[in-house]
Amino acid sequence: MAGELIDLTVAGAAEQIRSGELSADEYFDAYREAAAGDSLNAFLWTAEEAGEAGEGPLGGIPVAVKDIFCTNGIPTTAGSKILEGYRPPYTATAVRKLREAGARVLGKVNMDEFAMGSSNENSAYGPVLNPWDSGRVPGGSSGGSAAAVAGRLAPCAIGTDTGGSIRQPAALCGIVGMKPTYGAVSRYGMIAFASSLDQCGPLTRDVTDAALILGAVEGRDPCDSTSIGIEGGVDLPKREDLKGLSFGIPKELASEAEGIESGVKEVFERTVALIEELGGEVSETELPHAPHGISAYYVLAPAEASANLARFDGVRYGMRVNGDDLTEMYEETRAEGFGAEVKRRIMLGTYALSSGYYEAYYGRAQRVRTKIAEDFSKAFESFDFVVTPTSPTVAFKLGAKTDDPLAMYLNDYCTVPMPLAGIPAISIPSGLSEGLPVGLQLAGPAFSENKILDASYALERALGFEGIPRAA
Amino acid sequence: MIDREQVLHVAKLARLHLSDEEVERMASELSGILEHVEHISELDLDGVEPTSHVIALQNVFRPDEPRPSWERDEVLQSAPDPASGAFRVPSPQA
């Protein structure tokens, strides 16, 4: 029975709960049991009680919440030792809105420390394992969210994406993940990494579920002045073909990109052929500045992070290591509380912003960002969407890239340009290579979420991806 | 590209104590990353406006109405060393 419950999609379960066919408590308990037997290290905290099942589009649906979202009275660590034991006095808007739509928090899920990483190996609470192969990474930084959904430990999750942190783990775990337009979802209560890039989005088993979750969390919020919401809300996708839609393949992120595995290329080419079969028009396009995305990103994001993480100083929350004076207390607390990657990014960002280097690094990176956004605008004059592989590789082995930060950063090659331009993008599972999932990325102009979801839905049906990982 | 002295200077700015081993590793890792980042210096960016906020937004206003903030006790519960209704810290000049 529990097995069957766990196979339901969010939309399917919500419908059965509404009609009275399925008990919300029974459904929640099935997942609580699954989460309690978590062998993937995905959960950092699991709800003991179901709490009230609300009414609404997500009535009775359990949601796994990335541990970067503040939850009143519930531990929130951002994957860092520096916040061990922290129970925030308030709740993130995205989580509040999920609850208002009827959802219940199933648990808080593991992540790379402060969302910095592409493998989930940077968590202070140990790496998350990929449900397809427990010797491999689930991707990151929303690795716990992706592994929990793919591994059937949660029906859906929310995560955050700064340079690919929703889309890349979704691709590596064989599920759907969407990064909305910057401003679609409130960032209030989402522990800040790089404020000009961070966005909250859904990780789900199918496109319809992604639309449901996005529809619940989007919206303007007085607590985040950069939030705008999606005008008219999010509709459930229904398109059955791709007739009249045009798809541009940027050669810099596909045919000419270095480091894309041959297996990933094969699945990508097959998927492109399928887009054409469905009536979509496909041709090559260019994003000449996209190859500079990684360089710009690894200046801008660490620079913003170095300022955002200044607040973790042992004064107001989290741990403290005592020192003889105030400065020593700061320095020792941060030395003990932060992991290696977070320290590396704080150093990189502080250096890029320091006197004499600001214009050479931060100033130039902001100009590259403008050029990348212009490249996309130009492409969208001729195409409805841009399509690329989501990740250059399938899930790699644990430890394979931990000694080489630059190799790890290059995982984000195809996903970084979109947040730099602020535009929405989705990753949908498109096939297997060497028995591991490959994601297809579909990006569109700002606030084209409905159109992206609609096209992805048609493609998803035609792809018929039914991969269920071994561990599920 | 980045030497030991620069690492120590930046660590000071970032209020981060690094062990000797971390200083060595940081110098080589940051140099490697910056070497990759240096590619953007080859681009012609004259006259290109920098982007700090990617979606065009007008001023965002709200009515200036006073409302209660969080309870002091609740906030202090998360503090490592609360005392007398405040955050206690070591002296800046011990």
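Predicted model only: the values in this text are computed from it and were never measured. (Residues numbered from 1 in each chain as written. Chains lettered and ligands numbered in written order. Predicted model: local features only at pLDDT ≥ 70, side-chain atom pairs only at ≥ 80, totals over all residues.)

A word on the packing of helix α7 (residues 207-217) of chain A against helix α15 (residues 449-463) of chain A
Residue and element names in this part refer to chain A. Convention followed: Note on definitions: angles span 0 to 180 degrees between N-to-C directions of axes, and those axes are lines fitted to C-alpha atoms, for helices only across the stretch in contact. Numbering of helices and strands starts at the N terminus; helices are DSSP runs of H or I of at least 4 residues and strands are runs of E of at least 2. Throughout, the term roughly parallel applies to angles under 35 degrees, roughly antiparallel to angles over 145, roughly perpendicular to angles from 65 to 115, and oblique to all others. Crossings are classed by handedness, with left-handed meaning an anticlockwise turn of the near helix from the far one by less than a right angle and right-handed meaning a clockwise turn. We call two residues in contact whenever the C-beta atoms placed from their backbones are within 7 Å. Under the convention adopted here, Pro, Cys and the residues Ala, Val, Leu, Ile, Met, Phe, Trp and Tyr are nonpolar, Asp, Glu, Lys and Arg are charged, and Gly plus all remaining residues are polar.
Running from amino to carboxyl end, α7 crosses α15 at an angle of 160°, the nearest separation of the two axes being 9 Å. Overall, the two elements α7 and α15 adopt an arrangement that is roughly antiparallel. α7 and α15 meet at a crossing whose hand is left-handed. For the pair α7 and α15, contact is made by V207, T208, A210, A211 and L214 and by E449, L453, S456, Y457 and E460, respectively. For the contact of α7 with α15, the class distribution of residues is six nonpolar, two polar and two charged.

Focus: the interface of chain B and chain A
On the chain A side, the residues contacting the 44 residues of chain B number 59 residues. For the side of chain B that touches chain A, the secondary structure elements donating two or more residues are α1 (4-13), α2 (20-37) and α3 (72-76) of chain B. Ranked by the residues each element gives to the side of chain B that touches chain A, the list is headed by α2 of chain B, at seven residues.

A short note on helix α11 (residues 340-353) of chain A
Every α-helical turn comprises 3.6 residues, leaving residues that sit three or four positions apart pointing alike. The test is simple: By definition here, a helix of n residues has an expected span of 1.5 Å times n minus one. Put plainly, a residue is buried at 20 or more neighbouring C-beta atoms within 10 Å of its own, exposed at 12 or fewer, and partly exposed in between, counting only other residues' C-beta atoms, which are placed from the backbone.
Taking 1.5 Å per residue, 14 residues should reach 20 Å; α11 of chain A reaches 20 Å between its end C-alpha atoms and fits that length. When we look at burial in α11 of chain A, the residues that qualify are V342, K343, R344, R345, I346, M347, L348, G349, T350, Y351 and A352 of chain A. At its buried positions, α11 of chain A is contacted by α9 (293-308), α12 (358-382) and α13 (405-409) of chain A together with α1 and α2 of chain B.

A look at the environment of P62 of chain A
Residue and element names in this part refer to chain A. Within the secondary structure layout, P62 lies in strand β2 (residues 62-66). Under the C-beta neighbour-count criterion, P62 is labelled buried, with 29 such atoms within 10 Å. Taking the C-alpha atoms as reference points, P62 and G107, 45 residues apart in sequence, are found 8.5 Å from one another. Sequence-distant contacts of P62, defined by excluding residues within four places in its chain, comprise F28, Y31, R104, L106, A154 and P155.

Observations concerning the pairing of strand β3 (residues 104-109) of chain A
All names here are of chain A. Rule in force here: Pairing between two strands requires that DSSP report at least two bridges joining them.
In terms of residue burial, β3 counts as a mostly covered element, since six of its six residues are buried. As defined by bridge partners, strand β1 (residues 43-46) adjoins β3 across three bridges and the pair is classed as antiparallel. Bridge pairing in β3 links W45 to K108. In this sheet, β3 lies alongside β2 in parallel orientation, the contact comprising five bridges. Following the sheet pairing, A64 is matched in β3 by G107.

A look at the packing of α9 of chain A against α2 of chain B
Running from amino to carboxyl end, α9 of chain A crosses α2 of chain B at an angle of 130°, the nearest separation of the two axes being 8 Å. Viewed along their axes, α9 of chain A and α2 of chain B adopt a mutual orientation that is oblique. Here S295, Y298 and V299 of chain A of α9 of chain A lie close against α2 of chain B, whose contacting residues are I33, H36 and V37 of chain B.

Description of the pairing of strand β4 (residues 156-161) of chain A
Across the six residues of β4 of chain A, six count as buried, placing the element largely inside the fold. Going residue by residue along β4 of chain A, you find C156, I158 and T160 of chain A tucked away on one face and A157, G159 and D161 of chain A tucked away on the opposite face as well.

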